Amino acid sequence: RLLSTKGAYFKDIGDDFIKFNSIAHHPPFVHDARGEMMKVNWNHFTRDSYFDVDIDQVEEFYDAMRSYDDILNSPACHIRYKMEPGDMVTTKNLRVLHGRSELEGGVSGRHLQCGYVDWDEIRSTMRVTREKLRVAAQQ
């Protein structure tokens with residue numbers, strides 16, 4: 001429950017084609033009004049050391065994060081897939097925790113290309129397309 005009600009800060013500052021300085025504050029688990037899980041915010045690389053918790057809850061917050069991290073790192077919770085050149089994986093980034101294993105032997109020619117889609121735009125395009133098809137079918 002603590003991971004759903006108390007916020008953590010996330011900070012990602014750097015340069016990757018463009019300079020970026022992303023700062024966010026939200027609880028690790030986000031639920032909708034019905035209590036359904038909507039989003040998981042989990043990234044130790046960008047999580048800041050400051051939490052929005054009372055001092056007497058800090059240990060409990062760390063314990064909760066550690067317990068959840070233990071679940072995530074359990075081999076029973078992993079799907080491993082060795083990709084081949086040309087393979088593509090798509091995920092709904094708000095609902096699927098994902099990562100990459102370390103490279104064996106160090107340096108490789110692995111190339112990952114990321115892209116992001118705004119779901120509001122996709123839904124809008126789908127509604128407009130459905131309406132166009134409905135009108136065309138009526139003519």
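Structure's up top.
Parameters at a glance
- Residues numbered from 1 in each chain as written.
- Predicted model: local features only at pLDDT ≥ 70, side-chain atom pairs only at ≥ 80, totals over all residues.
- Heavy atoms only, no water.
- Patch = residues over 30% accessible without salt bridge, like charges linked within 9 Å, V, L, I, M, F, W, Y side chains within 5 Å.
- Areas by Shrake-Rupley, 256 points an atom, 1.4 Å probe, with all protein chains shown as cover.
- Salt bridge = Lys/Arg side-chain N within 4 Å of Asp/Glu carboxyl O.
- Lys, Arg positive; Asp, Glu negative; His and termini not counted.
- Charge placed at Lys NZ, Arg CZ, Asp CG, Glu CD.
- Helix = DSSP H or I, 4+ residues; strand = E, 2+ residues; numbered from the N terminus.
- Buried < 20%, exposed > 50% of the residue type's maximum accessible area, 1.4 Å probe, protein only.
- Phe/Tyr/Trp six-rings, centres within 6.5 Å; stacked < 30°, edge-to-face > 60°.
- Pairing = 2+ DSSP bridges.
- Axes fitted to C-alpha atoms, helices over the stretch in contact; angles between N-to-C directions.
- Contact = heavy atoms within 4.5 Å.
- Polar contact = N/O pair within 3.5 Å; in protein donor to acceptor, adjacent residues only side chain to side chain.

Remarks on a negative patch on the surface
- Together, D52, D54, D56 and E60 make up a negatively charged patch on the protein surface.
- As for its placement among the helices and strands, D56 is situated in the loop between β5 (47-52) and α2 (58-72).

Quick look at the environment of P75
- Along the chain, the position of P75 falls in the loop between α2 and α3 (119-138).
- Residue classification places P75 among the exposed positions, given a relative accessible area of 68%.

A short note on the pattern of salt bridges
- One pass over the structure, following the stated rule, counts five salt bridges.
- Put simply, R66 and D63 hold a salt bridge, and the shortest N to O gap is 2.9 Å. A residue pair is termed a helical-turn pair when its members lie 3 or 4 positions apart in one helix, as R66 and D63 do in helix α2 at three residues.
- Judged by relative accessible area, D63 falls into the partly exposed class, the value being 41%.
- In this structure, E131 engages R134 in a salt bridge whose closest nitrogen and oxygen atoms are separated by 3.1 Å.

A closer look at the packing of aromatic side chains
- One pass over the full model with this rule turns up two aromatic pairs.
- Plain terms: the ring middles of F29 and Y68 are 4.8 Å apart, the flat faces sit at 75° to each other, and that makes the pair edge-to-face. Of this pair, F29 sits in strand β3 (residues 29-31) while Y68 sits in helix α2, and the two are 39 residues apart along the sequence.
- A relative accessible area of 13% means that F29 is categorised as buried.
- Centroid distance W42 to Y68: 4.8 Å. Interplanar angle 80°. Geometry classified as edge-to-face. Note that W42 is positioned in the loop between β4 (37-40) and β5 and Y68 in helix α2, a separation of 26 residues in sequence.
- Y68 sits in the buried class, given a relative accessible area of 17%.
- Ring pairing ties together the aromatic residues F29, W42 and Y68, which thus form one cluster.

A word on the sheet that holds strand β2 (residues 18-26)
- Taken in spatial order, the three strands line up as β2-β1-β5 in an open sheet, and their pairing is antiparallel. Pairing within the sheet leaves two strands with one partner each, and these edge strands are β2 and β5. Taking the axes of each pair of neighbouring strands and ignoring which way they run, one obtains an average angle of 15° across the sheet.
- In this sheet, β2 lies alongside strand β1 (residues 7-16) in antiparallel orientation, the contact comprising nine bridges. Within β2, the residue paired with D15 across the bridge is K19.
- Here α2 sits on the sheet in contact with β1 and β5, set at roughly 135° to β5.

What about the environment of Y68?
- For Y68 and W42, which are 26 residues apart along the polypeptide, the C-alpha to C-alpha distance reads 9.9 Å.
- The contact partners of Y68, leaving out residues within four places of it in the chain, are L3, F29, V40, W42 and L97.

Some thoughts on the side chain of N41
- Its location among the elements puts N41 in the loop between β4 and β5.
- Side-chain polar atoms of N41 contact the side chain of H26, separated by 3.1 Å.
- Residues contacting N41, with those up to four places away along its chain left out, are F10, H26, P27, P28 and V30.

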